[in-house]
Amino acid sequence: DLAGRWTGTMRLAVHAALGGVTVRVPNDVGIEARATTKLGNLDAAGRTARDGAYYSATWAAAARGVTIDVRATLANVEITRQ
């Protein structure tokens with residue numbers, strides 16, 4: 001859960017194995033997500049694929065953002081808005 005007060009762009013590393021992870025991102029935060037998966041999945045619904053990454057529509061204009069680096073082995077990672 002990335003709720004709270006912060007500014008700029010933050011990096012978040014998500015390493016998941018044998019299960020699932022949900023990352024909750026506030027609606028006003030731009031998202032860039034990159035993933036390396038082995039029998040896993042990054043749920044990038046609603047994001048645009050470009051240059052090996054997935055971007056939210058608000059990425060370029062957002063006052064704050066998060067870059068999420070995902071490594072998933074036998075795991076699913078979901079990024080949701082709150």
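Residues numbered from 1 in each chain as written. Predicted model: local features only at pLDDT ≥ 70, side-chain atom pairs only at ≥ 80, totals over all residues. Heavy atoms only, no water.

**Regarding the nonpolar core**
Of all hydrophobic cores here, the largest spans 17 residues; its most connected members are V25, V66, I68, V70, V77 and I79. At the level of elements, β1 (8–25), β2 (29–38) and β6 (64–81) are the ones that each hand at least two residues to this core. Here this core takes 7 residues from β6, the largest share from any one element. (Core = buried A, V, L, I, M, F, W, Y, C linked by side-chain atoms within 4.5 Å. Buried < 20%, exposed > 50% of the residue type's maximum accessible area, 1.4 Å probe, protein only. Helix = DSSP H or I, 4+ residues; strand = E, 2+ residues; numbered from the N terminus.)

**Comments concerning the environment of A13**
Positionally, A13 belongs in strand β1. Residue classification places A13 among the exposed positions, given a relative accessible area of 55%. Between the C-alpha atoms of A13 and I68, which are 55 residues apart in sequence, the distance is 5.9 Å.

**A few points about the packing of aromatic side chains**
All chains considered together, the criterion is met by 1 aromatic pair. When the centroid spacing of 6.0 Å and the interplanar angle of 55° are considered together, the rings of Y55 and W59 count as tilted. A residue is classified by how much of its surface remains accessible, and Y55, at 8% relative accessible area, is buried. Overall, W59 belongs to the partly exposed group, its relative accessible area being 23%. A cation sits over an aromatic face here: R50 above Y55, 4.1 Å from the ring centre. Sitting over the face of the ring of W6, R64 holds its NZ or CZ atom 4.8 Å from the ring centroid. (Phe/Tyr/Trp six-rings, centres within 6.5 Å; stacked < 30°, edge-to-face > 60°. Lys NZ or Arg CZ within 6 Å of the ring centre and 35° of its normal.)

**Considering unusual backbone geometry**
Not every positive phi belongs to a glycine, and L18 is a case in point at roughly 55°. Looking at the secondary structure, you find L18 in strand β1. Classification of L18 by relative accessible area gives exposed; the value is 68%.

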